[in-house]
Amino acid sequence: MTNDRGYLGVTPPISVVESTEREKEVTLTLMEELRRQGTFESDEEARTRELVLGRVSALVKKFVQKVGIMRGLSEATAIASGGKIFTFGSYRLGVHGPSSDIDTLCVVPKHVSRDDFFEVFEPMLREFDGATEVAGVPDAYVPIITASISGIPIDFLMARLALSSIPEDLSLQDDNLLRNIDERCVRSLGGSRVANEILRLVPNVQVFRDSLRCIKLWAQRRAIYSNVNGFFGGVAWAMLVARICQLYPNAIAGAIVSRFFIIMYQWSWPQPVLLKQIEEGPLQVKVWNPKLYPADRAHRMPIITPTYPAMCATHNVTASTQMITTEEFKRGADIVDKVIVGTAQWSELFLKHDFFHKYRYYLQIIASTGDADLQIKWSGTVESRIRQLVMKLEYVDSLILAHPFIKGFEQVCYCVSDEEIRAVAQGEISETIARRKKDDIHGKEGAGPVYTTTFYVGLAIEPKQPGATGPRRLDISYPTTEFTKLVKMWEKFDESSMGIVVRNIKSSLLPDNVFDPGERQPKPAVKRTKGGKSSNTSPDMPSNKRPRTSSNTTTKDVPMKANENGTIPPIALTPVVETTGAFAPKDPSVIKSPQLPFGENVAVATGAQ
């Protein structure tokens, strides 16, 4: 797939030399570490996936046949209508792990509607042998049904083509298939088309896969793998790795990973990352173009899909998530540099994030219902809006950034009174409630389960300015009120069955379920400085070792809940001993920027695009 100039990508390679002996050595140790970290599935699980996909393929054909007969087609015509599945995402790219889901696209002929997908196929899935946790989200940006089949999680999308039947040898790479189909179907087809094109645009598929496995694991461990929360999703990480592979066509995984961190840290955003030139096509649809569209111009870290119509895979990135991701690129570059020279191990790259040790103040967003199926939809709706909360928080004076955590924490509590139900929905779970089991409430009138999903946003607050006097308060009432209003605007929102609570919580009061066993360190009491103040305080900067200001939890430590309208009272910022944090203002002259090896120039990759 080289272009007429003899190379893959939109610029010449930075280097075409083979990897050094040292790079070959560190690649071997990298692959050993990836195996030790459990990123590869077993042969048995691989066979299970293939069997499940075979059964799903037959089910999709049966679905198309069933709808055809409902529409009045003869049985023979209905059977001949076909129906075909295509995988995309990590499974199609060949970088899935033991617990990865399979992204599956169901391609159907024109007599099958999207309503049929949710009204016919979803119930068929619920009855399917081995299927559990089936949940349809018809009003998502890309409508989806999630399920688990024989223990394998699968995400189903649907694309309806303007064809009367779907042939077995159908290829999705033909742009003309996009004619006369709705926008949601164009988006659904995108995942599979992009995955196929990425694999065609890399010089060595195995090197790409090995490198991407490393970057995926790193991004997951560092909690920066989440499109919905404003970080990069799987396809964006894949395109970044593919771009580095294009720039170093003869390098092996260790060398690719090393260059990845350096180049991404130095990248001239909002310069887009492109795997090939953006192409026009047969449709009257929007193609990413920052010169034409103000919304595209606002993209902070644009990574552009290589298929028509070109789209930005990272439109959710905010000012905060850009800062966090860039900081992680620098950390990665520093560690891999040490690995190359032999003073660090690959395992250090994959150390768990420190999100719940990093800030003094957090926002807790608690979504609650009394029904397991409803909770999946309600918590998903709340999570999809958290990025809007982050963007509003970024406008608050004295907030450096708002750091969303990439997943929610689910809990089920068994309550015996309305008072307990209200308390749990507010995040107040007593030991009595926490210990109670399902059997304990059996047959009790008014008793029932409360399902909660709790999301967190870390707040990095500017250090107190030298010479500033008096207490400081952080007013986040407007962003939290607007966020609460926003989630309640969901068309299926029901005040009587769904709860949403936003509250401020100090790090010392974070619940145990956000930590791994043994991770939470007991915090020693620290005596207050005279007068309870310090001349150079920084109450809220990220810190790995945050001393408490008092040995007792005072009323000030109680989490502040939002009022009825979602407003949080201003947070009184408690002075503590100043610490340095990742996002503290730094003197640029003392920051050592990671550099490519002598003779390699990152401007080759960015300057010519």
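Residues numbered from 1 in each chain as written. Predicted model: local features only at pLDDT ≥ 70, side-chain atom pairs only at ≥ 80, totals over all residues. Heavy atoms only, no water.

1. Section: the packing of helix H9 (residues 253-266) against helix H11 (residues 319-341)
This is how the line gets drawn: Helix axes use the C-alpha atoms of the stretch in contact, all axes being lines fitted to C-alpha atoms, and the angles between their N-to-C directions lie in the range 0 to 180 degrees. Going along the chain from the N terminus, every DSSP run of H or I of four or more residues is numbered as a helix, and every run of E of two or more is numbered as a strand. Left-handed describes a crossing whose near helix is turned anticlockwise from the far helix through less than a right angle; right-handed describes the clockwise counterpart. Only heavy atoms matter for contacts: two residues are in contact if any of them lie within 4.5 Å across the pair. Amino acids outside the nonpolar list (Ala, Val, Leu, Ile, Met, Phe, Trp, Tyr, Cys, Pro) and the charged list (Asp, Glu, Lys, Arg) are all regarded as polar, and Gly is one of them.
Remark: H9 packs on H11, axes separated minimally by 8 Å, with the N-to-C direction vectors making an angle of 145 degrees. Crossing of H9 against H11: the hand is left-handed. Across the interface between the two elements, Val257, Ser258, Phe260, Phe261, Ile262, Met264 and Tyr265 from H9 touch Thr326, Phe329, Lys330, Gly332, Ala333, Val336 and Ile340 from H11. Classifying every residue of the contact of H9 with H11 gives 10 nonpolar, 3 polar and 1 charged.

2. A word on the packing of aromatic side chains
Test applied: Pairing of aromatic side chains requires ring centres within 6.5 Å, counting the rings of Phe and Tyr and the six-membered ring of Trp. Pairs whose planes differ by under 30 degrees are stacked, by over 60 edge-to-face, and all others tilted. Throughout, exposure labels follow a simple rule: accessible area from a 1.4 Å probe, protein chains only, divided by the maximum for the residue type, with under 20% read as buried, over 50% as exposed, and the rest as partly exposed.
The full count for this structure, using the stated rule, is 28 aromatic pairs. For the ring pair Phe355 and Tyr359, a centre distance of 6.0 Å and an interplane angle of 70 degrees mean the geometry is edge-to-face. By relative accessible area, which is 2% here, Phe355 ends up buried. A relative accessible area of 1% means that Tyr359 is categorised as buried. Judged by centre distance (5.7 Å) and plane angle (70 degrees), the rings of Phe356 and Phe409 are edge-to-face. Of this pair, Phe356 sits in helix H13 (residues 355-358) while Phe409 sits in strand S8 (residues 409-415); the two residues are 53 residues apart in sequence, bridging distant segments of the chain. A relative accessible area of 4% places Phe356 in the buried class. For Phe409, a relative accessible area of 9% puts it in the buried group. Put simply, the rings of Phe355, Phe356, Tyr359, Tyr362, Phe405, Phe409, Tyr456 and Phe515 touch in pairs and so form one group of aromatic residues.

3. Digging into the state of the cysteines
In plain terms, the rule: The disulfide definition used here is simple: a pair of cysteine sulfur atoms within 2.5 Å.
For the structure on display, the rule yields 0 disulfides. This cysteine, Cys413, is not joined by any disulfide, and Cys415 carries the nearest cysteine sulfur, 5.9 Å off. Residue classification places Cys413 among the buried positions, given a relative accessible area of 3%.

4. A short note on the sheet that holds strand S3 (residues 131-137)
Quick reminder of the rule: In this scheme, strands are said to pair when DSSP sees at least two bridges between them.
The 5 strands lie next to each other as S1-S2-S5-S4-S3, forming an open sheet whose pairing is mixed. Each edge of the open sheet is held by one strand with a lone partner, namely strand S1 (84-88) and S3. Pairwise comparison of adjacent strand axes, ignoring direction, gives a mean angle of 25 degrees for this sheet. Lying over the sheet, helix H5 (residues 114-127) contacts strand S2 (102-108), S3, strand S4 (144-149) and strand S5 (152-160), oriented at roughly 165 degrees with respect to S3.

5. Some words on helix H7 (residues 205-221)
What counts, and what does not: In a helix, the anticipated span is given by 1.5 Å times the number of residues less one. Two N or O atoms form a polar contact when they lie within 3.5 Å of each other; inside protein one atom must be a possible hydrogen donor and the other a possible acceptor, and for residues adjacent in sequence the pair counts only when both atoms belong to side chains.
Along its 17 residues, H7 runs 24 Å from first to last C-alpha, staying within 8% of the 24 Å computed at 1.5 Å per residue. Taken together, the buried positions of H7 are Val207, Phe208, Asp210, Ser211, Leu212, Arg213, Cys214, Ile215, Lys216, Leu217, Trp218 and Ala219. Between a side-chain oxygen at the N-terminus of H7 and the backbone nitrogen of Gln206 the separation is 3.1 Å; the capping residue is Asn204. Just downstream of H7, Ala223 is the residue with a positive phi angle, here 60 degrees.

6. Focus on the pairing of S5
For S5, the buried fraction is high: 7 of the 9 residues fall into the buried class. Judged from the 7 bridges that link them, S2 and S5 form a sheet pairing that is parallel. When the sheet's bridge partners are listed, Val107 is paired in S5 with Ala159. Both S4 and S5 contribute to a ladder of 5 bridges, which runs antiparallel. Looking across to S5, one finds that Ile149 is bridged to Ile152.

7. Some words on the pattern of salt bridges
Test applied: By definition here, a salt bridge exists when the distance from a side-chain nitrogen of Lys or Arg to a carboxyl oxygen of Asp or Glu is within 4 Å.
For the coordinates displayed, the defined rule picks out 28 salt bridges. Of the charged contacts, one joins Arg126 and Glu122 as a salt bridge, the two residues approaching to 2.6 Å between their closest N and O atoms. With Arg126 and Glu122 both in helix H5, this residue pair falls 4 residues apart, about one helical turn. Judged by its relative accessible area of 9%, Glu122 is buried.

8. Focus on the UniProt feature "binding site: Mg(2+) 2" (unreviewed entry) in the protein
Going by this rule: UniProt positions are given in the numbering used here, feature names are shortened, and annotations may be inferred rather than shown by experiment.
Sequence positions flagged by UniProt for "binding site: Mg(2+) 2" (unreviewed entry) are, in local numbering, Asp101, Asp103 and Asp155. The greatest C-alpha distance among the residues just named is 7.0 Å, despite their covering 55 residues of sequence, which places them together in space. Along the polypeptide, Asp101 turns up in the loop between helix H4 (89-93) and S2. If near-sequence neighbours (up to four positions away) are discounted, Asp101 is found in contact with Arg49, Ser90, Pro153, Ile154 and Asp155. Relative to the elements of secondary structure, Asp155 occurs in strand S5. Leave out the neighbours within four places in its chain, and Asp155 touches Asp101, Ile102, Asp103, Thr104, Ile144, Ile145 and Thr146.

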